[in-house]
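Fold and contact review
Each chain, letter by letter, is given below.
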Amino acid sequence: MQQVNYTNYKTTMQHQNEVIGKYRWTICGLLFFATTVNYLDRQVLSLLAPSLSKEFNWSNTDYANITAVFQFTYAISMLFAGRLIDKIGTKVGYILAIVIWSIGAIMHAYAIPIGTSVNSVLAWAGIAAVPVSILGFMISRSFLAFGESGNFPAAIKAVAEYFPKKERSFATGIFNSGSNVGAILAPITVPWIAVNWGWESAFIIIGAIGFVWIFFWYILYEKPEKQKRLSAAELHYILDGEIAEKEPETALPKEKISWIKLLKYKQTWAFALGKFLTDGIWWFFLFWLPKYLEVQFGLVKTDIAFPLSVLYTMTMVGSIYGGYFPMYFINKGYNPYEGRMKAMLIIALFPLVVLLAQPLGYISYWIPVVLIGVGASAHQAWSANIFTTVSDMFPKKAVGSIIGIGGMAGGIGGVVVSKLGGALFDYYEGLGHVQTGYTIMFVLCALAYLVAWAVMKTLVPKYAEITDL
C-alpha cells in the first residue's frame, strides 16, 4: 500500500490525485447534491412559517410542535436508518431514503386535505381532534423526517467506503456543505415561488428535485471493490493502511451487531452526547431564524432572502474549512483523533460571539445575522468533525449504526431545544418582550459546543480504535 507523509500532505495529495485518479470525489459530489436537496426540502416550511402562522393562526407553541414532530420522527428513524443501510447497502438505502423524503416534501402541499381526512377518522373514533392545519403538517413532516433520516448514515458510510481516514473529515465537510447550499438556495427560491405561484407550489417544485438525483446516483455509484470507473491505484489508496472489508460471495452472513453491544463503548456515548448537545442548535437556527427576523426586525417573505443567503454562505465556508482544519494538527504529528479534537476545541469557541447578537441588534439586523452566521458556521465545522470521529474509531460495518444512534440523540436534542424555544417565545410574547426569549436561546446556542467538547473529551481522552466488533 502507498503511504502518505502527513507533513507534506497537500503536495502529496495533489500528486496522488494526478496519479491515482479522482473518482472518489465524484461520489463526494453526489453526496453534496443529495445533502443540498435534503436541506432544500427541510427548510421550505421554516421560510413559509411566518405567513402560514398568520394564515392558520398558529402560536409559537403550535409551530414548535410541528417542528418537534419532525425532529422526534427524525431521531427515532435515524436509529433504524443506520441499521437498515448497514444491512441493505449504501446504494439501495440512499435511493429508498430520497424517494420517501421527496414524497414527504410534496405531501406538505396537501397538508389541509390530509389533515381533514385524518381528523375525520379521529373524530369517528372518538379521539379529540387536532386543528386540521397542524395535523396535516405534522403528518407531512413525519413522512419527510422518516426519509431524510437516511441521508447522513448513507453519506457517512459512503465516505467511509470511498475515502481513506485522513481524507474523511475533508470529504465530510464538502458534502456537509450541501446543507448550507440548500439553506442558501431555499430563501432565494421558496418565498419567490410562494408569492408568485402559491405556498403549495413551493413544496411540490422543491420536493420533486430529489427524483432527478436518483438517476445519477443509480448510474454512478457502486461499492469501490465493484466500481469499474475506479482505477486499481485509487482503490489501493482508498484502502491505504486498512484491510478491505469484503467477504467472499459464499461467505455466511455477518453476525448482527446489537445496539446493546455498541452502547458498551465510551466512543458511542461520546458521539451520541456530542450530537445531543449540539444538533439542536443547528435545528434552532434552521427552523426559527425566519420567525426571529420577522418578530424582531419586521422582515417578511422575500425580505429575508438576502440576509439568510449571506448567513448560510458563511456556514458553507465553515463546513468545508472546518473539515480540513484538523490537518493542521495532523501535519504536526498528531494522530487523526487528537488532531480532530484540538480543532473541535477551537471551533467550539466561535459560537460565543452569538452572545452579542441581542445586545448589538439595535444597531442593525445585520449584526445578529453576521454573528449568528459565525455560530452556525462553527456548527458546520463541528459537524464535519464529529461525524468523522465515528469512522476514525469504528469499523465500516458499524458506521451506519453508530451514526444512527448519534442521529437519534441529536434529534431528541432538537426536540428539547425546539419545545423550549416555543414555550419561551410564547411566554415572553405574552409579557410584551419576546426578545428576552431569543436572548435566552442565544446563550444556550453559544455555550453548547464547549460543554459538548468537555463531555466528549472526558469520555474518550485519547484515540482508541474499536477492534473487537
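Rules behind the numbers
- Residues numbered from 1 in each chain as written.
- Predicted model: local features only at pLDDT ≥ 70, side-chain atom pairs only at ≥ 80, totals over all residues.
- Heavy atoms only, no water.
- Helix = DSSP H or I, 4+ residues; strand = E, 2+ residues; numbered from the N terminus.
- Rg over C-alpha atoms; globule rule 2.2 N^0.38 Å.
- Buried < 20%, exposed > 50% of the residue type's maximum accessible area, 1.4 Å probe, protein only.
- Areas by Shrake-Rupley, 256 points an atom, 1.4 Å probe, with all protein chains shown as cover.
- Phe/Tyr/Trp six-rings, centres within 6.5 Å; stacked < 30°, edge-to-face > 60°.
- Axes fitted to C-alpha atoms, helices over the stretch in contact; angles between N-to-C directions.
- Parallel < 35°, antiparallel > 145°, perpendicular 65-115°, else oblique.
- Left-handed = near helix turned anticlockwise from the far one by under 90°.
- Contact = heavy atoms within 4.5 Å.
- pLDDT = per-residue confidence, 0-100.
- Expected span 1.5 Å × (residues − 1).
- Bend = angle between axes of the 7 residues up to and from the residue.
- Core = buried A, V, L, I, M, F, W, Y, C linked by side-chain atoms within 4.5 Å.
- Salt bridge = Lys/Arg side-chain N within 4 Å of Asp/Glu carboxyl O.
- Patch = residues over 30% accessible without salt bridge, like charges linked within 9 Å, V, L, I, M, F, W, Y side chains within 5 Å.

**Regarding the overall build of the protein chain**
In terms of helices and strands, the protein chain carries 18 helices and 0 strands. The globule rule puts the C-alpha radius of gyration for 469 residues at 23 Å, and the 22 Å found for the protein chain is close to it. In terms of overall dimensions, the protein chain has C-alpha extents of about 65 × 50 × 40 Å along its principal axes. When the 469 residues of the protein chain are sorted by exposure, 57% land in the buried category. When the accessible surface of the protein chain is summed, it comes to about 18,600 Å², and 68% of that surface belongs to carbon and sulfur atoms.

**A short note on the packing of aromatic side chains**
Counting across every chain of the model gives 45 aromatic pairs. Centre to centre, the rings of Phe284 and Phe442 are 6.2 Å apart; their planes meet at 75°, and the pair counts as edge-to-face. Remark: Phe442 occurs in helix α18 (residues 435–459) and Phe284 occurs in helix α12 (residues 266–297); sequence separation between them is 158 residues. A residue is classified by how much of its surface remains accessible, and Phe284, at 3% relative accessible area, is buried.

**Describing the packing of helix α15 (residues 336–349) against helix α16 (residues 366–393)**
Relative orientation of the contacting elements α15 and α16 amounts to 160°, with a least axis distance of 10 Å. Taken together, the axes of α15 and α16 lie roughly antiparallel to each other. Note on packing geometry: the crossing formed by α15 with α16 is left-handed. On the side of α15, the interface is formed by Pro336, Tyr337, Arg340, Met344, Ile347 and Ala348, while α16 contributes Ala378, Ala381, Trp382, Asn385, Ile386, Thr388, Thr389, Asp392 and Met393.

**A short note on the confidence of the model for the protein chain**
Across the protein chain, the average pLDDT comes to 85, with 91% of residues at 70 or higher. Least confident of the elements in the protein chain is helix α1 (residues 9–20), whose mean pLDDT is 53; most confident is α18, at 95. Counting interchain partners and residues more than four positions distant, the pLDDT-below-50 stretch residues 1–10 has 29 contacts.

**Side note on α18**
Helical geometry: 3.6 residues make up each α-helical turn, so side chains three or four residues apart lie on a common side. Across its 25 residues, α18 extends 37 Å between first and last C-alpha, which sits within 8% of the 36 Å expected from 1.5 Å per residue. In the structure, α18 departs most strongly from a straight axis at Leu447, where the bend amounts to approximately 35°. For α18, the set of buried residues is Gly437, Tyr438, Met441, Phe442, Cys445, Ala446, Ala448, Tyr449, Ala452, Trp453 and Met456. Where α18 is buried, its residues meet α12, α15, α16 and α17 (396–430).

**Things to note about the environment of Tyr428**
Summarising the element assignment, Tyr428 is placed in helix α17. With a relative accessible area of 16%, Tyr428 lands in the buried category. Sequence separation between Tyr428 and Thr73 is 355 residues; the distance between their C-alpha atoms is 28 Å. Those residues in contact with Tyr428, other than ones at most four positions away along the chain, are His433, Val434, Thr436, Gly437 and Ile440.

**Section: the nonpolar core**
Within soluble globular proteins, side chains that are nonpolar generally end up buried alongside one another. Core analysis: the biggest nonpolar cluster contains 131 residues, and Leu48, Phe137, Phe175, Phe284, Tyr312 and Trp382 have the highest contact counts within it. Looking at this core, the element that brings in the most residues is helix α2 (residues 23–56), giving 17 residues. Beyond its immediate chain neighbours, meaning those up to four positions away, Trp382 contacts Gly274, Thr278, Met344, Ile347, Ala348, Tyr449, Ala452, Trp453 and Met456.

**A word on the pattern of salt bridges**
Across all of its chains, the model carries 7 salt bridges by this definition. In this structure, Lys54 engages Glu294 in a salt bridge whose closest nitrogen and oxygen atoms are separated by 2.3 Å. Of this pair, Lys54 sits in helix α2 while Glu294 sits in helix α12, and the two are 240 residues apart along the sequence. The exposed category is assigned to Lys54, whose relative accessible area is 60%.

**Quick word on the packing of helix α13 (residues 305–324) against α16**
Two numbers describe a pair of packed helices, the interaxial angle and the distance between the axes. One can describe the packing of α13 onto α16 by two numbers: an axis separation of 7 Å at closest approach and a directional angle of 30°. As far as their axial angle goes, α16 and α13 are roughly parallel. Seen along the crossing, α13 lies across α16 with a hand that is right-handed. Facing Phe306, Pro307, Val310, Leu311, Met314, Thr315, Val317, Gly318, Ser319, Gly322 and Gly323 of α13, the residues of α16 in contact are Trp366, Val369, Val370, Ile372, Gly373, Val374, Ala376, Ser377, Gln380, Ala381, Ala384 and Asn385.

**Details of helix α4 (residues 90–107)**
Over its 18 residues, α4 extends 26 Å from the first C-alpha to the last, a length consistent with the 26 Å expected when each residue adds 1.5 Å. Counting buried positions along α4 gives 13 out of 18 residues, so the element sits mostly inside the fold.

**Structural notes on a nonpolar patch on the surface**
A contiguous nonpolar surface patch, about 590 Å² in accessible area, is contributed by Ile260, Leu263, Trp269, Leu273, Phe276, Ile412 and Val416. At the level of elements, α12 and α17 are the ones that each hand at least two residues to the nonpolar patch. Per element, the largest residue contribution to the nonpolar patch is 3 residues, and it comes from α12. Structurally, the position occupied by Ile260 is in helix α11 (residues 259–262). Using a relative accessible area of 68% as the deciding quantity, one classes Ile260 as exposed.

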